[in-house]
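The residues making up each chain are set out below.
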Amino acid sequence: MCDKGRKILHVDLDAFFVSVEQVRNPELWGRPVVVGGEPGARGVVACASYEARAYGIYAGMPLTRAYRLCPHAIFLKGSFPRYRDASARFIAILADFTPQLEPTGLDEAYLDLTGFEPIYGPTSEAALSMKQRIKGEIGVTASIGIGPSKLVAKIASDLAKPDGLVEVAPGEERLFLAPLAIARLPCVGSKTEQLLKRLGVTTVGELADLSAPLLRARLGSMGDALYRYARGIDERGVETPLAAKSISRETTFIGDTLDYPFLKATLRYLSERVGAELRREGKRTRCITLKLRYADFDTITRSRTLKWAINADQAIFDVGVALLGRALWQRRQLVRLIGIGVSSLIGEERQLSLLDSSMECWERLDRVIDRLRHRYGFTAIQRGQTLPLKDAFPTFFELYGCN
Ligand code: TTP
Ligand code: MG
């Protein structure tokens, strides 16, 4: 999927909430406008017009502070249904260009226009007509980045703001990124930024000069990602929400069973299979589903939605075991099939900063094992938790020399 010829677009509306208010009330054009609430209210700024940003106001800032910075700004409470409506019209316009469309927020989306040149001409022309339609039909301006990867397209659209278009040609990614501050890269939060600064790195170009082993030693799995990002390497594809979004593995037993350690060990093995594929696809999950088929062929599924998106084998397994325990407690009957699946998938880079340190450890371990399995085969390494499978599949264990 690292196709240099890809034409990925990232489209992001400018000062979205404020722009929608300005379309409603043209007197607001060209003025410092803040959406979020009245100046005396306790809330924070949701959106500031570019004129308000010139006073140092930004999203997330307390309204009281915004008011101190610019008392003559116009403060509006805003209306979410209005923004939702504008968002739906925005996405509908993009969908006219291609079904390869991945909305990632109310006012932003990725599109894949690879191979569309014979229809639209140069991709930049298609992007310009997109901008024109958005302005003509919704009344707001959009900024668009075009590049060979999502990473580059997203950064390009940020740099194009407001109302701009930036295209990065294939092969130019590293040059394009080199002068930018490291904070422009996804997954560089303030902690990572400080750490990199201590290594003397402030720009993406300087980051690209660091070796992969050094980055891994200092930043773990995030170091691997940064090594690739600094070179503009990002193989993620544009994914339509309608595309199949689940990964699952299941096993039917030769004989029906209610042997709990054996069921648990099988679940562990299946969790590792699912986890490996999840990571290979560069994804995390927020929903885990256990499937059981009882001896009488009655089949049940039990799901749990998680607060944070994960992709560690251990996390998938832990939830699976909890669901299994509850299902067997509710109905003790011989089991014929067990399966585990993950859905509600999102890109791996998101939420990294929210991971707790134990999860970070599990993920690091998974990555090591993934690499070894990639080289020697999945069954070359077995974890302790799958050992109860030894009696059921002796030849399998003998074959791979596990004691
Ligand atoms: P963004 O696209 O991040 O910001 P923006 O459209 O206001 O400005 P830009 O020109 O830089 O793209 O977010 C889109 C909308 O989401 C924004 O208009 C308001 C809302 N939002 C919040 O409600 N809270 C927030 O903290 C942020 C960042 C955005
Ligand atoms: Mg925006």
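Preceding block: the structure.
The structure presented is a predicted model; accordingly, all values stated were derived computationally and were not measured. (Residues numbered from 1 in each chain as written. Chains lettered and ligands numbered in written order. Predicted model: local features only at pLDDT ≥ 70, side-chain atom pairs only at ≥ 80, totals over all residues. Heavy atoms only, no water.)

Caption draft 1: Structural detail: the coordination of the magnesium ion (ligand 2). Donor atoms from the polypeptide that bind the magnesium ion (ligand 2) are D12 (OD), L13 (O) and D107 (OD), placed at 2.0 to 2.2 Å. When the donor residues of the magnesium ion (ligand 2) are listed from N- to C-terminus, their spacing reads D-L-x93-D. With D12 in strand β1 (residues 8–13) and D107 in the loop between β5 (101–105) and β6 (108–112), this residue pair connects regions lying 95 residues apart in the sequence. Across the pair, exposure class does not vary: D12 and D107 are buried alike. (Donors = N, O, S within 2.8 Å, 3.2 Å for Na, K, Ca; no water. Helix = DSSP H or I, 4+ residues; strand = E, 2+ residues; numbered from the N terminus. Buried < 20%, exposed > 50% of the residue type's maximum accessible area, 1.4 Å probe, protein only.)

Caption draft 2: Main features of the environment of P162. Residue placement: P162 occurs in the loop between α7 (150–160) and β8 (165–167). Separated by 104 residues in sequence, P162 and T266 place their C-alpha atoms 54 Å apart. Sequence-distant contacts of P162, that is, excluding residues within four places in its chain, are made with D14, Y50 and S143. (Contact = heavy atoms within 4.5 Å.)

Caption draft 3: Inspection of helix α6 (residues 123–138) at higher detail. With 16 residues, α6 extends 22 Å between its outermost C-alpha atoms, agreeing within 8% with the 22 Å of an ideal straight helix rising 1.5 Å per residue. Every buried residue of α6 is listed here: T123, A126, A127, M130, K131, I134 and I138. Each buried residue of α6 sits inside an arc of 140° when the element is viewed along its axis, so together they form one side. Exposed residues lying more than 90 degrees from the buried face of α6 are Q132 and G136. Positive phi shows up at G139, right after α6, with a value of about 95°. (Expected span 1.5 Å × (residues − 1). Arc of directions from axis to C-beta.)

Caption draft 4: Representation of the sheet that holds strand β2 (residues 33–35) within the structure. Strand order in the open sheet formed by 3 strands is β3-β2-β4, with mixed pairing between adjacent strands. Edge positions in the sheet fall to β3 (47–48) and β4 (74–76), since each of these pairs with one other strand and no more. Pairing of β2 with β4, which is carried by 3 bridges, proceeds in the parallel orientation. Its bridge partner being in β4, V35 is matched across the sheet by L76. Lying on the sheet, helix α1 (residues 16–24) is in contact with β2, β3 and β4; it crosses β2 at an angle near 115°. (Pairing = 2+ DSSP bridges. Axes fitted to C-alpha atoms, helices over the stretch in contact; angles between N-to-C directions.)

Caption draft 5: Quick peek at the packing of α1 against helix α4 (residues 80–95). Direction vectors running N to C along α1 and α4 enclose 95°, while the axes themselves pass 10 Å from each other. Classified by the interaxial angle, the pair formed by α1 and α4 is roughly perpendicular. Each of F16, F17, V20, E21 and R24 in α1 lies in contact with α4, whose residues at this interface are R82, Y83, A86 and S87. (Parallel < 35°, antiparallel > 145°, perpendicular 65-115°, else oblique.)

Caption draft 6: Quick peek at α4. Compared with an ideal rise of 1.5 Å per residue, which puts 16 residues at 22 Å, α4 spans 22 Å between its outermost C-alpha atoms and is within 8% of the ideal. Buried residues in α4 make contact with β1, α1, β2, β5, β6 and α6.

Caption draft 7: Here's a closer look at the packing of helix α13 (residues 260–280) against helix α14 (residues 313–330). With their axes 8 Å apart at the nearest point, α13 and α14 run at an angle of 140° to one another. Relative to α14, the crossing made by α13 is right-handed. Judged by residue contacts, Y260, L263, K264, L267, R268, S271, E272, V274, G275, A276, L278 and R279 of α13 engage D313, Q314, I316, F317, G320, V321, L324 and L328 from α14. Residue composition of the contact of α13 with α14, by class: 11 nonpolar, 4 polar and 5 charged. (Left-handed = near helix turned anticlockwise from the far one by under 90°. Nonpolar A, V, L, I, M, F, W, Y, C, P; charged D, E, K, R; others polar.)

Caption draft 8: Main features of the nonpolar core. Within the largest apolar cluster, 36 residues are counted, with the highest numbers of intra-cluster contacts made by L267, I288, L292, I316, L324, I338 and V342. Residue assignment for this core shows that the elements contributing at least two residues are β9 (246–257), α13, β10 (283–294), β11 (299–310), α14 and β12 (335–347). Residues in contact with L292, not counting those within four places in the same chain, are D298, T299, I300, L324, A327, L328, V335, L337 and I338. (Core = buried A, V, L, I, M, F, W, Y, C linked by side-chain atoms within 4.5 Å.)

Caption draft 9: Inspection of the pattern of salt bridges at higher detail. The tally for this structure, following the rule as stated, stands at 27 salt bridges. E21 is paired through a salt bridge with R24; the nearest N and O atoms lie 3.6 Å apart. A residue pair is termed a helical-turn pair when its members lie 3 or 4 positions apart in one helix, as E21 and R24 do in helix α1 at 3 residues. Of the residues examined, E21 reaches a relative accessible area of 4% and is grouped as buried. R24 sits in the exposed class, given a relative accessible area of 55%. One salt bridge connects R279 with D313, and the closest N-O pair in it is separated by 2.9 Å. Of the two residues, R279 is situated in helix α13 and D313 in helix α14; the sequence distance between them amounts to 34 residues. Residue D313 is classed as buried on the basis of its relative accessible area, which comes to 1%. Here the residues in one salt-bridge network are R279, D313, D366, D370 and R383, joined through shared partners. (Salt bridge = Lys/Arg side-chain N within 4 Å of Asp/Glu carboxyl O.)

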